[in-house]
Each structure stands twice: as structure tokens, then as C-alpha cells.
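Below, each chain spelled out in residue letters.
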Amino acid sequence: MRNGKGAARAPVLQFTNCRILRGRRLLREDLWVRGGRILDPERLFFEERLVADEQRDCGGCILAPGFIDVQINGGFGVDFSQATEDVGSGVALVARKILSHGVTSFCPTLVTSPPEVYHKVRGCVPPRAWAHPGVLGQVQSPSLGPHAGHSVADLRAAEEAVQSGATFITHLFNAMLPFHHRDPGIVGLLTSDKLPPGRHIFYGMISDGTHTNPAALRIAHRAHPQGLVLVTDAVPALGLGNGRHTLGQQEVEVDGLTAYVAGTKTLSGSIAPMDVCVRHFLQATGCSVESALEAASLHPAQLLGLEKRKGTLDFGADADFVVLDDSLHIRATYISGELVWQAEEAKQ
């Protein structure tokens, strides 16, 4: 058996001694990667007659698709809602910093702002900013499409919105009419029988231990588990600690693990990293490890229409994945099969 080494092809990497999240199950299989994509080892062996160029022992860890954050307003002092000439470098900084959180793809989002701000920010973002690895911007991916949320809409209006194309509820329960048994409002979309055939509704949840009571997380998950998408709704104060920071047109004060509109007790986004949200979701709902990981990977990929490439470790998909221990702490992060972040203890 030849190993096929040569300049004509990319090397084959084989990740061994691991459990792979595939098909909603954790499987004791090796992960094979070449040229930034997940390989089918049977085709590699029987059709190409090749073996791995390099093997990497994962020490029994979990390999899961990289996390995808579809609602992140900034972080590490970068505010996506501020129009500056160096927006591209700010996006790149956030992309690099959140690798330690297991996030391999994200959609930079803007908070509610005056109309001129949206046009100004878009005009300040060069194409190369959206082309940074991991950034799912307007240039590279489908739009998130119309959203429902931050609204006093009743259930009938919400159903009409879905019939008109809405696919995503912006962080369920927050800034919307509370659930009522005669009119459940937007929350009622989770079990509505008035949605168009084949239409799936997705909904964001900020599982940071502050925004949503564990009982509410359990209710939403049990009502519609396939549509749950974990989001951070992170603000520029993410990673900066206590103090006053800005978010769009307002000032935010961080106290411990909570961000408030300065001078009030009104929540203003979150400062919890995605991996923290995943662990809290697992603990609060009692769901399976597989379900917790898919809520941060497969489900957002499905929302974006990217499930063939992202949010999966199926053959042919992009080799964006995270290495986690049994407590779901990030040990390493890979994008296109390349190691882009590694925990200090994992380097030893």
C-alpha cells in the first residue's frame, strides 16, 4: 500500500482515539481530513489506495463540528455597530479571539440603530473583511432572512410573518409578549400547526444563565428541539471584564457575568462565550451531549442553509471542528483541517 506522498496532493490527516459527532450520535471512529474537507476513508483506501500521511491521537476526546454564532454584536472592545475605517480588522480580531470558545463561523450583527448607521457600516466593510476565515457575512453566505422577535406581535401576526418568509425567532422570550394560554404570541410558533408545509422555524436562545430561566430553556427545548439555536448575543464587552463599555448608541455596564444598560437593570446583550452557553444548556435542560453540541453547530448551519458544508462532520463537509473533553471544555479548534487554537494544557 503506497502512502501517495507527493507535491501533487494535500496530505491526509487521520485523527484517532476520539468520538465523532455524526448523525446525531457520538461514534468511536477516526476522522480523516484532506485539503480542508472531511474524507471518506473507505474511498481513500479502496479507490485511491492511500493511507494517512499523519496521525494525531486525540486522547479519547470528543470531535464535534465547529460552533456557529449567528448573533454576535462584537467583542473584545470591537463594536460591529460602529462605522469605522478599520471594521475589517475589528471583525478579524473577534474571529481570532472566539476560536478559544470553539466558534469557527459567525455572523457579525448590528444592534438596533438609526437607518443611516446600517448604510454607513456596510459601506465601511471591505470585501476582505467578510472573506476572513469563519466570517459568514453578506458576501459569503445566504442571508439569515426575515426574523420574528423583539415584537409585541400576537400568534396570528407571527404565523403570517412565517408564511411571508420569516424563518428565525430572535432570542426567544426576550423583548416579546409573554406567553398567554389564549394567545401565546411569538412563542406559539414552536408548536403552531399553521406553518407552511415543509417550513421549519428556528429560534435563538441565550443560554448564559441570566437571560433565560432553566425552566424556560427546558420548555422551549422539549417543545421544539430541532429548531433551537444557541446564540451569544455578545456585546463589545465580551472578554473585557467589569466596567462601562459601548454598544451601538448606548452605554453598557458589566457586573460579573451580566451586561446592563448603564444606570439600569435592563439586560443588554450577553458576555458569555459560546462554549459556556453550550455547557449551561446541557446542565439546565438535561439534554444529551449530542443535542447540546448540535444546538451550536448543526442547527445554525441549517438555519443558514449551509448544512452540507458547516455544522456537520459528514464526508465532504468543511473540516471545521472542535476537540472537547468530557465536560465540554474546548481543547483545540480547527478550521479547514488546520489547528488554529489550542488550550495550554493540551500543548503539553
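Rules of the game
- Residues numbered from 1 in each chain as written.
- Predicted model: local features only at pLDDT ≥ 70, side-chain atom pairs only at ≥ 80, totals over all residues.
- Heavy atoms only, no water.
- Axes fitted to C-alpha atoms, helices over the stretch in contact; angles between N-to-C directions.
- Helix = DSSP H or I, 4+ residues; strand = E, 2+ residues; numbered from the N terminus.
- Parallel < 35°, antiparallel > 145°, perpendicular 65-115°, else oblique.
- Contact = heavy atoms within 4.5 Å.
- Nonpolar A, V, L, I, M, F, W, Y, C, P; charged D, E, K, R; others polar.
- Buried < 20%, exposed > 50% of the residue type's maximum accessible area, 1.4 Å probe, protein only.
- Pairing = 2+ DSSP bridges.
- Phe/Tyr/Trp six-rings, centres within 6.5 Å; stacked < 30°, edge-to-face > 60°.
- Lys NZ or Arg CZ within 6 Å of the ring centre and 35° of its normal.

A. Spotlight on the packing of helix H6 (residues 214-223) against helix H7 (residues 274-285). The N-to-C vectors of H6 and H7 enclose an angle of 85 degrees; their axes lie 9 Å apart at closest approach. Classified by the interaxial angle, the pair formed by H6 and H7 is roughly perpendicular. Taken together, the residues of H7 that come into contact with H6 (itself represented by Pro214, Leu217, Arg218, His221 and Arg222) are His280, Phe281, Ala284 and Thr285. When the residues that make up the contact of H6 with H7 are grouped by side-chain class, the tally is 4 nonpolar, 3 polar and 2 charged.

B. Structural view of unusual backbone geometry. One non-glycine residue, arginine 49, lies in positive phi territory at about 55 degrees. Within the element layout of this structure, arginine 49 appears in the loop between helix H1 (41-46) and strand S6 (54-57). Accessibility expressed as a relative area gives 43% for arginine 49, which makes it partly exposed. One non-glycine residue, leucine 328, adopts positive backbone phi at about 65 degrees. By the element assignment, leucine 328 lies in the loop between strand S19 (321-324) and strand S20 (330-335). Residue leucine 328 is classed as buried on the basis of its relative accessible area of 1%.

C. The sheet that holds S19, seen in detail. Taken in spatial order, the 6 strands of this open sheet run S3-S2-S7-S19-S20-S21, and their pairing is mixed. Edge positions in the open sheet fall to strand S3 (25-27) and strand S21 (338-342), since each of these has one partner strand only. Here the strands of the sheet are splayed against their neighbours by 25 degrees on average, with no regard to which way each runs. Sheet analysis places strand S7 (residues 62-65) next to S19, joined by 4 bridges and oriented antiparallel. Residue leucine 63 lies in a different strand from S19, and its bridge partner there is valine 323.

D. Representation of the sheet that holds strand S5 (residues 37-38) in the model. Taken in spatial order, the 4 strands make up an open sheet running S5-S4-S1-S6, and their pairing is mixed. Single-partner strands in this sheet number two, and they are S5 and S6. Note that strand S1 (residues 12-16) and S6 share 4 bridges and pair parallel. Bridge assignment links glutamine 14 to a residue of S6, and that residue is glutamine 55.

E. Examining the packing of aromatic side chains more closely. Counted under the stated rule, the structure contains 5 aromatic pairs. With 5.2 Å between their ring centres and 80 degrees between their planes, phenylalanine 15 and phenylalanine 321 make a pair best called edge-to-face. Note that phenylalanine 15 is positioned in strand S1 and phenylalanine 321 in strand S19, a separation of 306 residues in sequence. There is no split in this pair, since phenylalanine 15 and phenylalanine 321 are both buried. Both rings, one in phenylalanine 321 and one in tyrosine 334, keep their centres 4.6 Å apart while their planes meet at 10 degrees; by these two values the pair is stacked. In this pair, phenylalanine 321 is assigned in strand S19 and tyrosine 334 in strand S20, connecting sequence segments 13 residues apart. Across the pair, exposure class does not vary: phenylalanine 321 and tyrosine 334 are buried alike. Three or more aromatic residues joined by ring pairs make a cluster, and in this case those are Phe15, Phe321 and Tyr334. Lying over the aromatic face of tyrosine 260, lysine 265 brings its terminal NZ or CZ to 4.6 Å of the ring centre.

F. A look at the environment of arginine 25. Take arginine 25: it is sitting in strand S3. What makes arginine 25 exposed here is its relative accessible area of 54%. A C-alpha to C-alpha distance of 6.3 Å links arginine 25 and glutamate 290, two positions 265 residues apart in sequence. Not counting residues up to four positions away in its chain, the partners in contact with arginine 25 are Ile20 and Glu290.

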